[in-house]
Amino acid sequence: MKYTDTRDKKVSVDFRTAVLNGMNAETGGLYMPTEFPRLENSFLERNPEPSFREIAYEMAKPYVENEIPDTDLESIIQDCYPFSSKVVPIDPVTYVLELFHGPTCAFKDFGARFMARVMSYFNRSENDNLHILVATSGDTGSAVGSAFHNVPGIDVTILYPDGKISPLQEKQLSTFTGNVRALKVKGTFDDCQKLVKTAFTDKDLRSKFRLSSANSINISRLLPQSFYYMYSSLVVKKRIPFDSKNGGDAIIVVVPSGNFGNLTSGLIAREMGAPITGFVAATNSNHTVPDWIASGEYKTRPSVPTLSNAMDVGAPSNYERIDAMYSLDQVRNLFASYWTDDEGTIDGIKRCKNKTGYVIDPHGAVAWKAWNDIRGGEMEKLVNGQKNDFTKPGLTPNVPFWAKAVVDKKASAIILETAHPAKFGATVYKAIGQEPALPERLEKVVSLPDNAIPMGKDYDSFKEWLVSNL
Ligand SMILES: *Cc1c(COP(=O)(O)O)cnc(C)c1O
């Protein structure tokens, strides 16, 4: 497979280069595979459907062809995924896709573990250490730290906005030792992301150190996230005739989004043959992408803090990839887009519990609320020409091609539950008066000492620290 660049279509590099560079320092663009090969129908239609790991292997194969032999790929996949994603039906037309069964209890484990193993595979023959810089708005840091911890030849520096993530999230990323360290930056997530991006385009720094990224801009994090879209849509497709009895087979995937890496992975899965009809791009008050879909104008803005803080992104990196894959008209046709504020998020957790019994986290709640509104009449209003003011919470005015399936009650939804609700216990408690129990693997980190290093948001102090510590 060859990889091109969102800013320069003439770029053509192999997988190794795309993975180790993270982004193209020359253009500032993001790497993209030149094609998304469709899986064989015989595989997609197999009965019973293939397992998560079989799907992971088949989907990864074309992207690493000629660079990672099949048997090595097989062991990488085995090692990445001792856990899987789980499809949980919560009502006759709604499935929650639980993505929190990995070591850090968030969906980012799926991407980070694959990336870590692929990077260490490609780094085997190098003498120098590879330095990973990663900005996090919450869960990336712990997933990446956990995925790389004790991987030889690689070290990781995590940047997070001081005071803007939950105490548990902070514990999860500041308590590593050895090759993984955390910097708590006096600023926002966007400041952290800017420091990392500036470092990557700093020729002087790059001449001294081998740097790489681990944000969702790295293509090796994005590709593996497509596995669970394929897996869940195949599972749900088989279940629909038994669960919904509505005679419709439209499958809508609702994605709580921040940097839009997860949603981009969904687009890749759909291109590869996943039976996904359309998507809902659901955000919190950081609604840069819904605004773009509504107005046609893409305007980044400073991020604002919300209860679903892993989605507090004002300048979503993967917009650039979505824009490279589809025209705005295609996006408006394929996506519904929706945003809600903190009040809506609390309401989502509460109503989801009351209606279905399912305890959802604040990120998943944004998605559930989007779906609940969409199938509860909001899409019908839109189809009938009643358009929402997109500066207020709710659906943007575009009518996707699958809108009629929803109105005719011939659609089912997969809600991505991106984190375990216990990671956001205080918010869940506020909504339903009950705090979910902490899984054992989270309980362990709470008692570890915090090793984070304080850091300003100016590039000079960051660079100085890197030069003396890498
Ligand atoms: C990172 C994250 C998101 C947002 O995913 P993107 O790929 O950045 O859009 C949503 N929920 C949780 C829990 C996350 O950690």
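Quick note: structure is the one above.
What comes next concerns the included structure. If you're wondering where the values come from, they're calculated on a predicted model, not measured in any experiment. Per chain, residue numbering runs from 1 following the sequence as it is written. Where totals are concerned, whole chains, interfaces and linings use all residues; where local detail is concerned, this predicted model gives features only for residues with pLDDT of at least 70, and gives and counts side-chain atom pairs only at 80 or more. Where side-chain values are given, they derive from all heavy atoms of the structure, hydrogens and water being excluded.

### Details of the overall build of the protein chain
Thought 1: Secondary structure summary: the protein chain contains 20 helices and 14 strands in total.
Thought 2: Scaling as 2.2 N^0.38, a compact globule of 470 residues should have a C-alpha radius of gyration of about 23 Å, and the protein chain matches this with 21 Å.
Thought 3: With respect to the three principal axes, the spread of C-alpha positions in the protein chain is 60 × 50 × 45 Å.
Thought 4: When accessible area is computed with a 1.4 Å probe and restricted to protein chains, residues below 20% of their type maximum are described as buried, those above 50% as exposed, and intermediate ones as partly exposed. The proportion of buried residues among the 470 residues of the protein chain is 63%.
Thought 5: Within the protein chain, contacts between residues at least 6 apart in sequence are counted, and of these 76% link residues at least 24 apart.
Thought 6: Residue burial considers only the protein chains on display, and all accessible areas are found by Shrake-Rupley using a 1.4 Å probe. As presented, the protein chain carries roughly 17500 Å² of accessible surface, and 49% of it is formed by carbon and sulfur atoms. Secondary structure elements are defined from DSSP: runs of H or I of at least 4 residues count as helices, runs of E of at least 2 residues count as strands, and each element is numbered from the N terminus. Restricting the calculation to C-alpha atoms gives the radius of gyration, and the globule rule supplies 2.2 Å times the number of residues raised to the power 0.38. Contact definition: two residues touch when any of their heavy atoms are within 4.5 Å.

### Quick look at the packing of aromatic side chains
In this description, an aromatic ring pair is defined by two values, namely the gap between the centres and the angle between the planes.
Thought 1: Stacked, tilted and edge-to-face are the three classes assigned to paired rings of Phe, Tyr and Trp, where Trp is represented by its six-membered ring and a pair needs centres within 6.5 Å; plane angles under 30 degrees give stacked, over 60 edge-to-face, the rest tilted. Counted under the stated rule, the structure contains 18 aromatic pairs.
Thought 2: Directly above the ring of Tyr121 sits Arg124, whose terminal nitrogen or CZ lies 4.0 Å from the centroid. The rule is short: NZ of Lys or CZ of Arg within 6 Å of the ring centre and within 35 degrees of the ring normal puts a charge over the ring.

### Structural notes on the sheet that holds strand β9 (residues 250-256)
Thought 1: Taken in spatial order, the seven strands make up an open sheet running β3-β4-β13-β9-β10-β11-β12, and their pairing is mixed. In this open sheet, the two edge strands, each paired with only one partner strand, are β3 (86-91) and β12 (394-395).
Thought 2: Two strands are counted as paired when DSSP detects at least two bridges linking them. Where β9 meets strand β10 (residues 278-283), five bridges bridge the pair, whose relative direction is parallel. Bridging from a neighbouring strand, Val254 pairs with Val280 of β10.
Thought 3: All axes are obtained by fitting lines to C-alpha atoms, using only the stretch in contact for helices, and the reported angles, taken between N-to-C directions, cover 0 to 180 degrees. Lying over the sheet, helix α12 (residues 288-295) contacts β10 and β11 (335-339), oriented at roughly 125 degrees with respect to β11.

### What to know about the nonpolar core
Thought 1: Counting residues in hydrophobic clusters, the biggest one holds 99 residues, and the most contacted among them are Phe15, Tyr81, Phe279 and Phe335.
Thought 2: It is helix α10 (residues 219-243) that provides the largest number of residues to this core, a total of 12 residues.
Thought 3: In contact with Phe335, not counting residues within four places along its chain, are Leu263, Leu267, Phe279, Ala281, Ile293, Ile322, Asn398, Pro400 and Trp402.
Thought 4: Core analysis: the next-biggest nonpolar cluster, separate from the first, contains 38 residues, Val280, Trp402, Ala405 and Ala411 among them. To qualify as a nonpolar core, a set must consist of buried Ala, Val, Leu, Ile, Met, Phe, Trp, Tyr and Cys residues joined through side-chain atoms within 4.5 Å.

### Here's the deal with the sheet that holds strand β8 (residues 211-213)
Two strands in a sheet stick together by hydrogen bonds in their backbones, pointing the same way (parallel) or opposite ways (antiparallel).
Thought 1: Judged by pairing direction, the sheet is parallel, and its five strands sit side by side in the order β8-β5-β6-β7-β14 without closing on themselves. Among the strands making up the open sheet, the edge pair consists of β8 and β14 (453-455). Each neighbouring strand pair of the sheet contributes to a mean axis angle of 30 degrees, computed without reference to strand direction.
Thought 2: Here six bridges tie strand β5 (residues 130-135) to strand β6 (residues 154-161), and the two strands are oriented parallel to one another. Note on β6: the bridge partner recorded for His131 is Asp155.
Thought 3: In this fold helix α8 (residues 189-200) packs onto β5, β6, β7 (180-185) and β8, with an angle of close to 150 degrees to the strand it touches most, β5.

### Remarks on the site of the ligand
Thought 1: Being near a molecule or strand, for a residue, means having at least one of its heavy atoms within 4 Å of it. Taken together, the neighbourhood of the ligand is formed by 15 residues, with Lys108, Gly258, Asn259, Phe260 and Thr418 sitting nearest.
Thought 2: Between the ligand and Phe260, the relevant distance is 2.8 Å, taken from an oxygen atom to a main-chain nitrogen or oxygen of the residue.
Thought 3: Within 3.5 Å is the distance limit for a polar contact, defined as a pair of N or O atoms, with the added protein rule that one can donate a hydrogen and the other accept it, and that residues adjacent in sequence qualify only through two side-chain atoms. The backbone of Asn262 places a nitrogen or oxygen atom 2.8 Å from an oxygen atom of the ligand.
Thought 4: Here the ligand loses 97% of its free accessible area of 380 Å² to cover by the protein chains.
Thought 5: Under the convention adopted here, Pro, Cys and the residues Ala, Val, Leu, Ile, Met, Phe, Trp and Tyr are nonpolar, Asp, Glu, Lys and Arg are charged, and Gly plus all remaining residues are polar. Taken together, the residues of the shell around the ligand break down into six nonpolar, seven polar and two charged.

### Describing the pairing of β6
Thought 1: Of all eight residues making up β6, eight are buried, and the element is well covered by its neighbours.
Thought 2: Burial along β6 is two-sided: Ile154, Val156, Ile158 and Tyr160 and Asp155, Thr157, Leu159 and Pro161, pointing in opposite directions, are all buried.
Thought 3: The definition of a right-handed crossover adopted here requires that, viewed with the strands pointing away, the path from the first strand over the helix to the second runs clockwise. One crossover worth recording links β5 to the parallel β6 by way of helix α6 (residues 139-148), and it is right-handed.
Thought 4: Bridging between β6 and β7 involves six bridges; their strand directions are parallel. Its bridge partner lying in β7, Val156 is registered against Val180.

### Quick notes on the environment of Leu307
Thought 1: Its location among the elements puts Leu307 in the loop between α12 and α13 (319-325).
Thought 2: By relative accessible area, Leu307 is classed as partly exposed at 22%.
Thought 3: Measuring from C-alpha to C-alpha, the distance between Leu307 and Ile55 comes to 34 Å, with 252 residues separating the pair along the chain.
Thought 4: Apart from residues lying up to four places away in sequence, Leu307 is in contact with Asp342, Ile346, Pro362 and Thr427.

### With respect to helix α18 (residues 425-432)
Thought 1: Within α18 the residues assigned to the buried category are Gly425, Thr427, Val428, Ala431 and Ile432. Down the axis of α18, the buried side of the element spans an arc of 165 degrees, and every buried residue falls inside it. Counted as exposed and oriented over 90 degrees from the buried face of α18: Ala426 and Lys430.
Thought 2: Buried-residue contacts for α18 involve α15 (342-356) and α16 (362-383).
Thought 3: Positive backbone phi, at 65 degrees, marks Gly433, one or two positions downstream of α18. Note that the arc is computed from the directions linking the helix axis to the C-beta atoms.

### So, the side chain of Ser142
Thought 1: Assignment of secondary structure puts Ser142 in helix α6.
Thought 2: Excluding residues within four positions of it along the chain, Ser142 makes contact with Thr104, Gln172, Leu173 and Phe176.

### Here we look at the packing of helix α3 (residues 52-64) against helix α4 (residues 70-80)
Thought 1: Where α3 meets α4, the axes come as close as 10 Å, and the angle between the chain directions of the two elements is 135 degrees. By the angle between their axes, α3 is oblique relative to α4. You can see that α3 and α4 cross each other, and the crossing is right-handed. Note on element contacts: α4 touches α3 through Asp70, Leu73, Glu74, Ile77 and Gln78, opposite Arg53, Ala56, Tyr57, Ala60, Lys61 and Val64.
Thought 2: Taken together, the residues that form the contact of α3 with α4 break down as six nonpolar, one polar and four charged. Any angle from 65 to 115 degrees is called roughly perpendicular, while one under 35 is roughly parallel, one over 145 is roughly antiparallel, and all others are oblique. The hand of a helix crossing depends on one turn: near helix anticlockwise from the far one by less than a right angle means left-handed, and clockwise means right-handed.

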